[in-house]
Structure formats: structure tokens, C-alpha cells
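These are the residues of each chain, in order.
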Amino acid sequence: MSSFEPLVFSGVQPTGNLTLGNYLGAIRKFVALQDTHDCIYCVVDLHALTVNPSPKELTDGTRSIAAAFLASGIDPVKHIVFNQSRVHQHAELAWIFNCVARMGWLNRMTQFKEKAGKDRENASVGLFAYPALMAADILAYRATHVPVGDDQKQHLELTRDIAQKFNNDYSSDIAGLGLGVPMQVGDETVQGFFPLTEPLIEGPATRIMSLRDGTKKMSKSDPSDLSRINLTDTADDIAKKIRKAKTDPEPLPGGTDGFEGRPEAENLVNIYAALAETTKDAVLGDFGGQPFSVFKPALAELAVEKLSPIADEMRRLMADPGHIDSVLASGAERASVRAEKTMVDVKRIVGLSA
Ligand code: AQP
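### Describing the site of the ligand
Next, step 1: In the region of the ligand, 22 residues are neighbours, and Lys115, Asp151, Ser219, Lys220 and Ser221 sit closest.
Next, step 2: Between the ligand and Gln152, the relevant distance is 3.0 Å, taken from an oxygen atom to a side-chain nitrogen or oxygen of the residue.
Next, step 3: In this structure, an oxygen atom belonging to the ligand sits 2.6 Å away from a side-chain N or O atom of Lys217.
Next, step 4: Taking 640 Å² as the accessible area of the ligand by itself, protein coverage stands at 98%.
Next, step 5: Going through the elements one at a time, helix H1 (20–33) and helix H6 (110–116) are the ones with two or more residues in the shell around the ligand.
Next, step 6: Ranked by residues supplied to the shell around the ligand, first place goes to H1 with four residues.
Next, step 7: Class assignment of the residues belonging to the shell around the ligand gives a composition of six nonpolar, 11 polar and five charged.

Structure (C-alpha cells):
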């Protein structure tokens, strides 16, 4: 049990159109957590630089993610919404964490291996160091909880490793400056400066799969647009993509054990369950034994019903980029105050002039 003030932080990269996976796995959880927690939500534009977007793609993409946050129901007045590059403390703390994290830890990151591909020598240093910047995003606010999809689990473990090593390496300095917060580590109560942040990965939508390959994650940067549903897709696009989604010739099974060897069927049922906020068993109770020619139109109708109000609101917001920029600027001002407080203490702990 930690005695840090509960605080939720999460971020989304402006690396393309948001997908149904991003929405169900992350943004919908961000919205729900607002009722119970103090929340900070960030468009992580510095992270997006690791995949070399054009300047226009980066600027438009940042506004589009911010519009998706607002259109989905995130309240930028009660909570904080901003883009990462406006708060320089993220990059500053990331440098300190680059000096805490070990090469071996980063070498094990599966996302780096996937994104760097075979030509690792040619990958940017930024792509390699991405998880240290992510740890800085979270720990600049000493956030206790991070809602994410399943693919981010390993990065959250690394964030905890960095926090723990910092707390250990500087334990006497933290104590000497009176900056320690009591926290439970295993059976022991110790003093630490950074919390060991908990990932919030639960529910039916932690890993939505590609519509073209049920073994691959749905991703905004997948070269095939047919692999994903974008939040801004029209009703026709959504219906077409679900109609063309890869399946098999069998009808839907009567129970979830019938998904063995049928990842595409399971993914579509999972998407239905997540959108309807029910379980896969309940969906199979209604559709078990039915062919995809019956299930797919029902899924398309449900997806359109849930997503089109968000798409409409996103379009309305995107027509006024000045408003989005002002929301991000005012969120950044409030975020900076909190992040600077952390940075002043971190500098004192490590011996840099504050
Ligand atoms: N398919 C998914 N199912 C559930 N959750 C998902 N997330 C991503 N894909 C799925 C969650 O969305 C949040 C934002 O992700 P991100 O933009 O920071 O980067 P990502 O995880 O790398 O997402 P993408 O869509 O795959 O982006 P690209 O293609 O740019 O790499 C995270 O919480 C993530 O877990």
C-alpha cells in the first residue's frame, strides 16, 4: 500500500488515426476514471517523433488526438489535457531516467524489437529510449495508476523498475532532504520519492486484434486501413471493414471454448462484447450457431451507433483548431506547475542545482 495521493496519468501518441483498439483499450477507460480520480491525459507528441512524422502530420495528429479525448467525454477543466512537448519537464526527467535505466532493461522491450524490425542499427536512439521518456511522463506527476492496453504492460513494468532503482540509489539523499513518502514494497514499509505505479489493464478490450489477422494487434500505424476501424470512419467505412473482416466458414460457437483456433471469430465477438459492455458468453448466448452473414451486420450497426457520435463531435472540434490549441495550452500550464514541483525535488535529490 502506498501513501502517495491517487493520481491517474495516461498518454496516446499522435501517430495516425485513432483506432477502435485505442478507444476501447484506453480512452474509454480514461473517461470512466474521471468520476473517481484526479486525471492527467497527455498527447505524447515527443514519442511520435520516434517514427519520423512530417511536421504537418505531427501538428494535425496532435490536434486530432486532443479532439478525440474531448469528443469521447474527457473534461479538460476538471482534469488536465495537454500535449507533452509543451511541458519541458518530461524531457528533462527523461534524461535523468536515461541515466537510471540499464541498457539490458531497454534491450528486452518487445515493442522496440517489433518497431525496429531487422535493421536495429538503423533505429533511432529515441525509439530505443522511448520507455524512459514514458516513465518520465508518468513519474513527473508521481502518478499512481496508468490505464493502458495490454501492449503497454512491459513499459509499465520498466517504469516501476526505474522508480525503484531511483528510490534505492538515492535513498539516503531522499531521507536526508525529508522527501520520502512511506510505501509498501513486499512485506516492508520503505520511504521512496517515486511511487511504484500500477497499470490498469482489465476488461474485455485490453487487446483488440486486427480485422485482417486475429493474431496481430489492431494498430493505427498498420499499413492496411482494412485492418482497423478508425474513430473517424464513416458508417459506410465501418460496415465495409466489418464485412471484409477475415473470418472462417463455421458459424459462431455456442460457448467461448469453441474459439480454439478461431482468433478472428473471437476478436469480432470480443469487439461486440466490449462495445455493448457485456461478456463474450452473453454475445454467444444471442449469436451462437449463427453465421457471420448475420453477426457481421449486427456488429456493424452496434459499432456505428457507438462511434458515430464521437466522430461527429471530433469533426466539429477539428473545424476549430484554435480552440483545441487553447485547451492544450491551458492544460499544459497547469501540468507544468505540478511537473516543475517534482523536478525541483529531483534536482535536489540528485545534486543538480535547482
Ligand atoms: N489493439 C489495441 N487494443 C487495446 N488497446 C490498445 N492500445 C493500442 N492498441 C490497442 C492502447 O491505446 C493506448 C494508446 O496507444 P499509443 O498511441 O500510445 O501506442 P500503441 O500502444 O503503440 O498503439 P498503436 O495504435 O499500436 O499505435 P502505433 O501503431 O503508433 O504503435 C495505449 O494504452 C495502448 O495500450
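### Thoughts on a positive patch on the surface
Next, step 1: Taken together, the side chains of Arg212, Lys240, Arg243 and Lys244 make up a positively charged region of the molecular surface.
Next, step 2: Mapping Arg243 onto the fold places it in helix H10 (residues 235–244).

### Comments concerning the packing of aromatic side chains
Next, step 1: Applying the stated criterion across every chain yields a total of 15 aromatic pairs.
Next, step 2: Ring geometry for Phe30 versus Tyr41: centroids 4.4 Å apart, planes at 10°, classification stacked. Taken together, the residues Phe30 in helix H1 and Tyr41 in strand S2 (residues 39–43) connect sequence positions 11 residues apart.
Next, step 3: Through successive ring pairs, a cluster of aromatic residues spans Phe97, Phe166, Tyr170, Phe193 and Phe194.
Next, step 4: Sitting above the plane of the Phe193 ring, Arg142 keeps its charged end 4.0 Å from the centroid.

### A short note on the nonpolar core
Next, step 1: Counting 60 residues, the largest nonpolar core has Phe69 and Phe295 as the members making the most contacts within it.
Next, step 2: If you count residues domain by domain, this core takes at least three from each of domain 1 (8–204 + 320–350) and domain 2 (225–317).
Next, step 3: Sequence-distant contacts of Phe69, that is, excluding residues within four places in its chain, are made with Val12, Ile27, Phe30, Tyr41, Cys42, Val43, Ile74 and Val81.
Next, step 4: Core analysis: the next-biggest nonpolar cluster, separate from the first, contains 53 residues, Leu7, Val100, Ala163 and Leu179 among them.

About the cut-offs
- Residues numbered from 1 in each chain as written.
- Predicted model: local features only at pLDDT ≥ 70, side-chain atom pairs only at ≥ 80, totals over all residues.
- Heavy atoms only, no water.
- Near = heavy atom within 4 Å.
- Polar contact = N/O pair within 3.5 Å; in protein donor to acceptor, adjacent residues only side chain to side chain.
- Areas by Shrake-Rupley, 256 points an atom, 1.4 Å probe, with all protein chains shown as cover.
- Helix = DSSP H or I, 4+ residues; strand = E, 2+ residues; numbered from the N terminus.
- Nonpolar A, V, L, I, M, F, W, Y, C, P; charged D, E, K, R; others polar.
- Patch = residues over 30% accessible without salt bridge, like charges linked within 9 Å, V, L, I, M, F, W, Y side chains within 5 Å.
- Salt bridge = Lys/Arg side-chain N within 4 Å of Asp/Glu carboxyl O.
- Lys, Arg positive; Asp, Glu negative; His and termini not counted.
- Charge placed at Lys NZ, Arg CZ, Asp CG, Glu CD.
- Phe/Tyr/Trp six-rings, centres within 6.5 Å; stacked < 30°, edge-to-face > 60°.
- Lys NZ or Arg CZ within 6 Å of the ring centre and 35° of its normal.
- Core = buried A, V, L, I, M, F, W, Y, C linked by side-chain atoms within 4.5 Å.
- Buried < 20%, exposed > 50% of the residue type's maximum accessible area, 1.4 Å probe, protein only.
- Domains from an automatic or database assignment.
- Contact = heavy atoms within 4.5 Å.

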